[in-house]
Amino acid sequence: MDDQPDDSHSDEPITPGDEAASRPSAAPGAAADPSPTGGFEHAAAKVRAFPQTPGVYLMKDAAGVVIYVGKAKNLRARAGSYFLKAAAEDRRTTDLVTEIHDIDFVPAESEVDALLVESRLIKDVQPKYNRSQKDDKSFPYLEIFVREDFPRVELTREPQSRGTKLYGPFASAGSLRGAIQVLQKIFKFRTCSLDIDEHDEKWRWFRPCLLASIQQCTAPCNLRVSKEDYRRDIHRLRMFLEGKKKKLLAEMGEEMRVAAAGLLFEKAARLRDEIHMLETLDQRGDIDEHAQPEVFYIDPKKTATT
């Protein structure tokens, strides 16, 4: 949950001796624990054996139904925070804590990978406590405007009905913004809303925003990149978002070798750097804490109007 307990909370864990006093009682009519080793204490014990690496955790009720899916940079710390007294007493998490009878996890290579796995599981499973997070607001999505000459990428809560490729829903808009920033450094896609026409020469006089200067965008607004090359980057982004990271790395590796053999050393070096960034996503920082504001600067004296 976006409002889940802090990983670093120093509160004491709930133990069998004090659980009744600190944890809300089970709802009337709740199903009995189907296993003598199952239940809240069983789940709490499992969490203590979780790895301290990125991944997704799945909380289940007494019937084995997944009731909540969450992503974590540190599985043991994040999932374990639900088994502290503070979580049982916090009105935001008390209902969820009451129903926890089991918990499992899916490992991920990085926090960005975990975010994408979380999104796919929420979409497929639709856990009830994920749905309850919306608070009358729709979940955020990542939307790619595939019909544009240079497809833009944006976060939206109101996706278009046609003409775009949609990824999500995601549980946290903040995490999605952070992931977009990380991925933009690799695939260098645009996030502006400009209507760029590759055949209109006036774009050659347009002044790009600061994202081009910090190498987070290839500046199609200034026609610095061909339509073909830009769309190749979007294709790679889509492969990553669709869970085809290994295949993508293999394709990029082969393209790098071909470029080097053809003495296209600049292209080979760029591919080498992109491959390295993909392989080290786990070192890119916390996507919840390091999301940067988007930069859309337009010089009024050099607009693309006729």
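Before reading further, recall that the structure is shown in the block above.
Residues numbered from 1 in each chain as written. Predicted model: local features only at pLDDT ≥ 70, side-chain atom pairs only at ≥ 80, totals over all residues. Heavy atoms only, no water.

A. Fine view of the overall build of the protein. Looking only at helices and strands, one finds 12 helices and six strands in the protein. Looking at the protein residue by residue over its 306 residues, the buried ones come to 49%. Contacts in the protein between residues at least 24 apart in sequence constitute 68% of all its contacts with a sequence separation of at least 6. Here the protein displays about 16,100 Å² of accessible surface, and carbon together with sulfur accounts for 49% of that area. (Helix = DSSP H or I, 4+ residues; strand = E, 2+ residues; numbered from the N terminus. Buried < 20%, exposed > 50% of the residue type's maximum accessible area, 1.4 Å probe, protein only. Contact = heavy atoms within 4.5 Å. Areas by Shrake-Rupley, 256 points an atom, 1.4 Å probe, with all protein chains shown as cover.)

B. The arrangement of helix 10 (residues 227-241) in detail. If you check helix 10, its first and last C-alpha atoms are 21 Å apart, about what 15 residues at 1.5 Å a residue would give, namely 21 Å. Of all the residues in helix 10, the buried ones are Tyr230, Asp233, Ile234, Arg236, Leu237, Met239, Phe240 and Leu241. (Expected span 1.5 Å × (residues − 1).)

C. Spotlight on unusual backbone geometry. Omega for the peptide link from Gly168 to Pro169 comes to 10°, which places this bond in the cis form. Checked against the element boundaries, Pro169 lands in the loop between strand 6 (165-167) and helix 8 (173-187). For Gln215, which is not a glycine, the phi torsion comes out positive at approximately 60°. You can see Gln215 is positioned in the loop between helix 9 (210-213) and helix 10.

D. The pattern of salt bridges, seen in detail. According to the stated counting rule, one finds 25 salt bridges in the structure shown. Its salt-bridge partner being Lys46, residue Asp104 comes within 2.8 Å of it at the nearest N-O pair. One end of the pair, Asp104, is in strand 3 (residues 102-107); the other, Lys46, is in helix 2 (residues 40-47), and 58 residues separate them in sequence. Residue class for Lys46 comes out partly exposed when judged on its relative accessible area of 24%. Arg257 is paired through a salt bridge with Glu254; the nearest N and O atoms lie 3.4 Å apart. Taken together, the residues span about one helical turn, with Arg257 and Glu254 both in helix 11 (residues 245-261) at a distance of three residues. Residues participating in the shared-partner salt-bridge network are Asp233, Arg236, Glu255, Lys267, Arg270 and Glu274. (Salt bridge = Lys/Arg side-chain N within 4 Å of Asp/Glu carboxyl O.)

E. Molecular detail of the sheet that holds strand 3. Strands sit in the order 2-1-3 across an open sheet of three strands; the sheet is antiparallel. The open sheet is flanked by strand 2 (66-72) and strand 3, the only strands paired with a single partner. For this sheet the average axis-to-axis angle between neighbouring strands, irrespective of direction, equals 20°. Pairing between strand 1 (residues 55-60) and strand 3: six bridges, direction antiparallel. Counted as the bridge partner of Lys60 is Asp102 from strand 3. Packing of helix 6 (residues 111-125) onto the sheet brings it into contact with strand 1, strand 2 and strand 3, and relative to strand 2 it is tilted by some 165°. (Pairing = 2+ DSSP bridges. Axes fitted to C-alpha atoms, helices over the stretch in contact; angles between N-to-C directions.)

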